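Results of the structural survey
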Amino acid sequence: CVDGSKDCEYAVNWALDEFLRPTDEVLITHVTADIVAMNKEILSLYDDSGLGSYSLPDDKEAAVVKAKAEALCQKFVERCTSKGFKAAPLVLLGDPRDALVNELPKAGCKVLLIGCRGLGFVGRTLLGS
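None of these values were measured; they are calculated from a predicted model.

Moving on, we get to the environment of Ala107. In this fold, Ala107 is placed in the loop between helix 4 (96-103) and helix 5 (121-127). For Ala107, a relative accessible area of 45% gives the class partly exposed. Ala107 sits 80 residues away from Leu27 along the chain, and the two C-alpha atoms are 8.6 Å apart.

Here we take up helix 1 (residues 6-19). Over its 14 residues, helix 1 extends 19 Å from the first C-alpha to the last, a length consistent with the 20 Å expected when each residue adds 1.5 Å. Taken residue by residue, helix 1 has Cys8, Val12, Ala15 and Leu16 as its buried positions. Down the axis of helix 1, the buried side of the element spans an arc of 90°, and every buried residue falls inside it. Opposite the packed face of helix 1, turned more than 90 degrees from it, sit the exposed residues Lys6, Tyr10 and Glu18.

Right, let's talk about the pattern of salt bridges for a bit. For the structure shown, the criterion picks out 7 salt bridges. Here Arg79 and Glu9 are joined by a salt bridge, their closest N and O atoms 3.5 Å apart. Residue Arg79 is located in helix 3 (residues 59-82), and its partner Glu9 is located in helix 1; the two are separated by 70 residues in the primary sequence. By relative accessible area, which is 22% here, Glu9 ends up partly exposed. The partner of Lys66 in a salt bridge is Glu70, with the nearest N and O atoms 4.0 Å apart.

This part takes up the pairing of strand 1 (residues 25-32). For strand 1, the buried fraction is high: 6 of the 8 residues fall into the buried class. Here strand 1 pairs with strand 2 (residues 86-93) via 8 bridges, running parallel. Its bridge partner being in strand 2, Thr32 is matched across the sheet by Leu93.

Both the distance between ring centres and the angle between the ring planes are used here to describe each pair of aromatic rings. By the definition in use, this model includes 1 aromatic pair. Aromatic side chains Trp14 and Phe19 sit 5.9 Å apart centroid to centroid with 25° between the ring planes, which places their arrangement in the stacked category. Its relative accessible area of 39% is what places Phe19 among the partly exposed residues.

About the criteria used
Residues numbered from 1 in each chain as written. Predicted model: local features only at pLDDT ≥ 70, side-chain atom pairs only at ≥ 80, totals over all residues. Heavy atoms only, no water. Helix = DSSP H or I, 4+ residues; strand = E, 2+ residues; numbered from the N terminus. Buried < 20%, exposed > 50% of the residue type's maximum accessible area, 1.4 Å probe, protein only. Expected span 1.5 Å × (residues − 1). Arc of directions from axis to C-beta. Salt bridge = Lys/Arg side-chain N within 4 Å of Asp/Glu carboxyl O. Pairing = 2+ DSSP bridges. Phe/Tyr/Trp six-rings, centres within 6.5 Å; stacked < 30°, edge-to-face > 60°.

So, to be careful, I would describe these as geometric facts and stop short of saying anything about function.
See the structure below:
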């Protein structure tokens, strides 16, 4: 699961160099918010509250978000393939917790590697990973 941060790059490089076997296949995943669904939820709150109008993003805006996520995944896929691993991208929409738990088993994933979000020892201890 990638997010483009320096910590993510470190985690991917570590996994490629230290964890994965040459025969392993890598699924580079990024979960992005489903902005259309989120904004429909916000819109329903506005409708019920009488606070005024709110416009939904159009399909072009959603497509831009998805394209950025796909480009991010592709960057890491290329890194994997340059080191001899078979790799593929997967962009998921929604809440990362739900998307990862529900969709990765369907894709046949056996291990999920996630970095620490740049948190030090104390931050990881207090907030979790």
